[in-house]
Amino acid sequence: MCLVAPGADLGPILTHIDVLTVRWLSHLIESKKFSKLDPGELMTTWGVRGVDAERCTVVKLPDRADAKFMRRAGAAVGKTLGDDPVLVESTLGTGLREHLAQGMALGNYRFNRYKKEANKGDKAPDWRIMTPSPKVAQRNFEALGCAVEGTEFARDLVNEPSNVLTTTEFASRLLELQELGVEVEVLEEDDLERIGMRALLAVGQGSDSPSKVVVMNWKGSESPPLALIGKGVVFDTGGISIKPARGMEQMTMDMAGAATVAGVMKTLALGRTKASVVGIVGLVENMPSGRAQRPGDIVRSLKGDSIEVVNTDAEGRLVLADVMWYCQRRFEPVGMIDLATLTGAIIVSLGYEYCGAFSNDDKFYQRFQSAAESEDENVWRQPLSKSFDKIIDSTIADVKNVGDRWAGAITAAQFLKRFVKADIPWIHLDIAGVAWTPKPSKFSPRGASGWGVRALTRLINDHYSER
């Protein structure tokens, strides 16, 4: 495979393939077919003289490629070439090959462990990228590679079926992070009852799968921690307010917020990041049964607020309310970010392209937005305002868990804001549209994207890591 730009110096490529091939490349990049390609598009030809390969894939580069572009181009290559052996020759400058490699790895991801051909994908593809400074490139890629592993960990969790990834199995996989140096603590139902997390427990009381809270602590420094909170509903039927049958199979992904938090924790541990980060996830299953909570029930949160459950399908905010309050009370974090596939309303608003974000702190949000933009993970800020509070005011409790059909994503965020202490910088990320996509995205096939792992890791490295 070759990456070339119009008018590029083919000297670096000449050192590895013969003159005839370089002449062929020169003619190719001057051809009308190549000129019609947009930067980042691929062209594949077969039987190229001088190249010991069945085919040669050429990627068109812009005059000036940056890290973001190379990551996207790499993802396109990874999706196209699959497990085929690849030798990459390029006219790239120093420092961009690593981002190309990261994109290739992200784009090559597949979840096929339940298919007959699963064993074919067990071996990593033989990909080689030529570089004049291999030691420097390897060192630069290490951090990028850690983020790939963390993203793939999150993707695997989200793609798992719910009969496999129960709350117990989820907690078990998070306990494995102890091998990397993450401190992991699992709070069982008796612990949660003793602590007072009754809003969370109410969500899972209709399921045979026990509710749990998992605390993951990465102590890479002695500083007060940044907190990451994840919604981990391993399957969401909607409870008594049951969802329509069509599309319900996708509700295996309703734990994507927890998966993203887990992916970040793994990334930090692999990179031995010098930062203090605590990740806490609430693991529940929302099922209808004779024990399930009903519309009209009133539950008491850990904070002490009473919540009228108008709709049992607005369950994620009950889980987050208790976990967020517990996190602030126990760890006193310097900032808190929650991630949840919380509302369908955010998909109506932003589609599958952008994550909806809400924050009580402009500086904190700008830091995250900059990190997300650097990692090509789209985010769009939504409003918070007291004027929306009246929509979730209850006549018989302190608050109700859902309002009417208007501003659904905003009222969900306003609900969560009630469980954030005034002095804690906070961001709520509604990832319902970006965590699992019905069509292939820039960096992943259809299904789990692992959205947020790279952005949050960049935020931590840029602003919370001791260098």
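The rules behind these values
- Residues numbered from 1 in each chain as written.
- Predicted model: local features only at pLDDT ≥ 70, side-chain atom pairs only at ≥ 80, totals over all residues.
- Heavy atoms only, no water.
- Helix = DSSP H or I, 4+ residues; strand = E, 2+ residues; numbered from the N terminus.
- Buried < 20%, exposed > 50% of the residue type's maximum accessible area, 1.4 Å probe, protein only.
- Contact = heavy atoms within 4.5 Å.
- Areas by Shrake-Rupley, 256 points an atom, 1.4 Å probe, with all protein chains shown as cover.
- Pairing = 2+ DSSP bridges.
- Lys, Arg positive; Asp, Glu negative; His and termini not counted.
- Salt bridge = Lys/Arg side-chain N within 4 Å of Asp/Glu carboxyl O.
- Polar contact = N/O pair within 3.5 Å; in protein donor to acceptor, adjacent residues only side chain to side chain.
- Phe/Tyr/Trp six-rings, centres within 6.5 Å; stacked < 30°, edge-to-face > 60°.
- Lys NZ or Arg CZ within 6 Å of the ring centre and 35° of its normal.
- Expected span 1.5 Å × (residues − 1).
- Arc of directions from axis to C-beta.
- Axes fitted to C-alpha atoms, helices over the stretch in contact; angles between N-to-C directions.
- Parallel < 35°, antiparallel > 145°, perpendicular 65-115°, else oblique.
- Left-handed = near helix turned anticlockwise from the far one by under 90°.
- pLDDT = per-residue confidence, 0-100.

Could you clarify how one ought to interpret the overall build of the chain in this entry?
Within the chain, the secondary structure is distributed over 15 helices and 18 strands. Of all 467 residues assigned to the chain, the portion counted as buried reaches 56%. Sequence separation of 24 or more characterises 77% of the internal contacts of the chain that already satisfy a separation of 6 or more. Surface exposure of the chain reaches about 20500 Å², of which carbon and sulfur atoms provide 49%.

In this structure, what is going on with the sheet that holds strand β10 (residues 298-300)? I would like to understand it.
Across a sheet, strands are paired by hydrogen bonds formed along the backbone, either parallel or antiparallel in direction. Strands sit in the order β10-β11-β15 across an open sheet of three strands; the sheet is mixed. Two strands bound the open sheet, and with one partner strand each, they are β10 and β15 (399-400). In terms of strand pairing, strand β11 (residues 306-308) meets β15 through two bridges, oriented parallel. For Ile307, the partnering residue across the bridge sits in β15 and is Val399.

Can you walk me through the side chain of Glu308 in this structure?
Here Glu308 shows up in strand β11. The buried charged residue Glu308 lacks any salt bridge partner; its closest oppositely charged side chain belongs to Lys400, at an N-O distance of 6.0 Å. In this structure the side chain of Glu308 is engaged in a polar contact, spanning 2.6 Å, whose partner is the side chain of Ser394. The contact partners of Glu308, leaving out residues within four places of it in the chain, are Asp297, Ile298, Ser394, Ile396, Ala397, Val399, Lys400 and Asn401.

What is the right way to read the packing of aromatic side chains from this model?
Within a pair of aromatic rings, the relevant descriptors are the distance that separates the centres and the angle that separates the planes. With the rule as written, the count across this model stands at three aromatic pairs. Aromatic side chains Phe111 and Tyr114 sit 6.0 Å apart centroid to centroid with 55° between the ring planes, which places their arrangement in the tilted category. Given a relative accessible area of 23%, Phe111 falls into the partly exposed group. Arranged with centres 5.3 Å apart and planes meeting at 45°, the rings of Phe415 and Phe419 form a pair that is tilted. For Phe415, a relative accessible area of 0% corresponds to the buried category. Against the face of Phe34 rests Lys60, its NZ or CZ located 5.4 Å from the ring centre. We note Lys303 situated over the ring of Phe419; from NZ or CZ to the ring centre the distance is 5.4 Å.

Explain helix α13 (residues 362-374) to me, please; I cannot follow it from the model alone.
In an α-helix there are 3.6 residues to a turn, and that puts residues three or four apart on one side. Spanning 13 residues, α13 covers 18 Å between terminal C-alpha atoms, matching the ideal 18 Å at 1.5 Å per step. Residues of α13 that are buried include every one of Phe364, Tyr365, Phe368, Ala371 and Ala372, and no others. When α13 is viewed along its axis, its buried side chains cluster within an angular range of 125° and face the same direction. Of the exposed residues in α13, the ones pointing more than 90 degrees away from its buried face are Asp362, Lys363 and Glu373. Capping the start of α13, Asp361 holds a side-chain oxygen 3.2 Å from the backbone nitrogen of Lys363, two or three residues further along. At the exit of α13 stands Asp376, carrying a positive phi of roughly 65°.

Hey, could you run me through the packing of helix α4 (residues 67-81) against helix α5 (residues 97-107) in this one?
Helix-helix packing: each pair is described by the crossing angle between the helix axes and the interaxial distance. In the contact formed by α4 and α5, the axes pass within 6 Å of each other and the chain directions differ by 40°. Relative to α5, the element α4 is oriented oblique. The two elements α4 and α5 cross, and the hand of that crossing is right-handed. Counted together, Ala67, Met70, Arg71, Ala73, Gly74, Ala75, Val77, Gly78 and Lys79 of α4 and His99, Leu100, Gln102, Gly103, Met104, Leu106 and Gly107 of α5 form the full contact between these two elements.

How should I be thinking about the confidence of the model for the chain in this particular structure?
When pLDDT is low, close inspection of the predicted coordinates is not appropriate. Per-residue confidence for the chain averages 89 on the pLDDT scale, and 87% of its residues sit at or above 70. Per-residue pLDDT stays below 50 along residues 4-8; that stretch engages in 19 contacts with residues further than four places along the chain or on separate chains.

Would you take a moment to explain the pattern of salt bridges for this structure?
Should the charged atoms of two oppositely charged side chains come close, the side chains can pair. What the rule picks out here adds up to 23 salt bridges. For Glu193, the salt bridge is made with Arg198, and the minimal N-O distance between the two is 3.1 Å. In this structure, Asp305 and Lys303 form a salt bridge, with 3.4 Å as the shortest nitrogen-oxygen distance. Look at Asp305 and you get buried, because its relative accessible area is 18%. When salt bridges with common partners are traced through the structure, they connect Arg71, Glu375, Glu377, Arg454 and Arg458 into a single cluster.

What is the right way to read the environment of Lys79 from this model?
Its place among the elements puts Lys79 in helix α4. A sequence separation of 364 residues divides Lys79 from Phe443, and the C-alpha atoms of the two residues are 8.6 Å apart. Not counting chain neighbours up to four residues away, the residues in contact with Lys79 comprise Gly107, Asn108, Pro440, Ser441, Lys442, Phe443 and Ser444. Among the polar contacts made by the side chain of Lys79, one reaches the main-chain carbonyl oxygen of Ser441 at a distance of 2.3 Å.

What am I meant to see in the sheet that holds strand β9 (residues 276-286) here?
The sheet built from eight strands is open, its strands ordered β6-β7-β9-β8-β12-β16-β13-β14 with mixed pairing. The sheet is open, and its two borders are formed by β6 (183-187) and β14 (379-381), each paired with just one other strand. Neighbouring strand axes in the sheet, compared pairwise and without regard to direction, differ in orientation by 20° on average. In this structure, β6 lies alongside strand β7 (residues 212-219), joined through five bridges in antiparallel fashion. Note on β7: the bridge partner recorded for Val184 is Met216.

Please clarify how the pairing of strand β16 (residues 426-430) should be interpreted in this entry.
It is a general feature of regular strands that their side chains alternate between the two faces of the sheet. Burial runs high along β16: five of the five residues are buried. Side chains Trp426, His428 and Asp430 of β16 all project onto a buried face; the interleaved residues Ile427 and Leu429 project onto the opposite face, where all are buried too. Relative to β16, strand β13 (residues 355-359) is paired through four bridges, and the arrangement is antiparallel. Within β16, the position partnered with Ala357 by the bridge is Leu429.

Quick question: what am I supposed to make of α4 here?
The end-to-end C-alpha separation of α4 is 21 Å, in line with the 21 Å expected for 15 residues at 1.5 Å each. Every buried residue of α4 is listed here: Phe69, Met70, Arg71, Ala73, Gly74, Ala75, Val77, Gly78 and Leu81. Count one or two residues on from α4 and you reach Gly82, which has phi positive near 55°.

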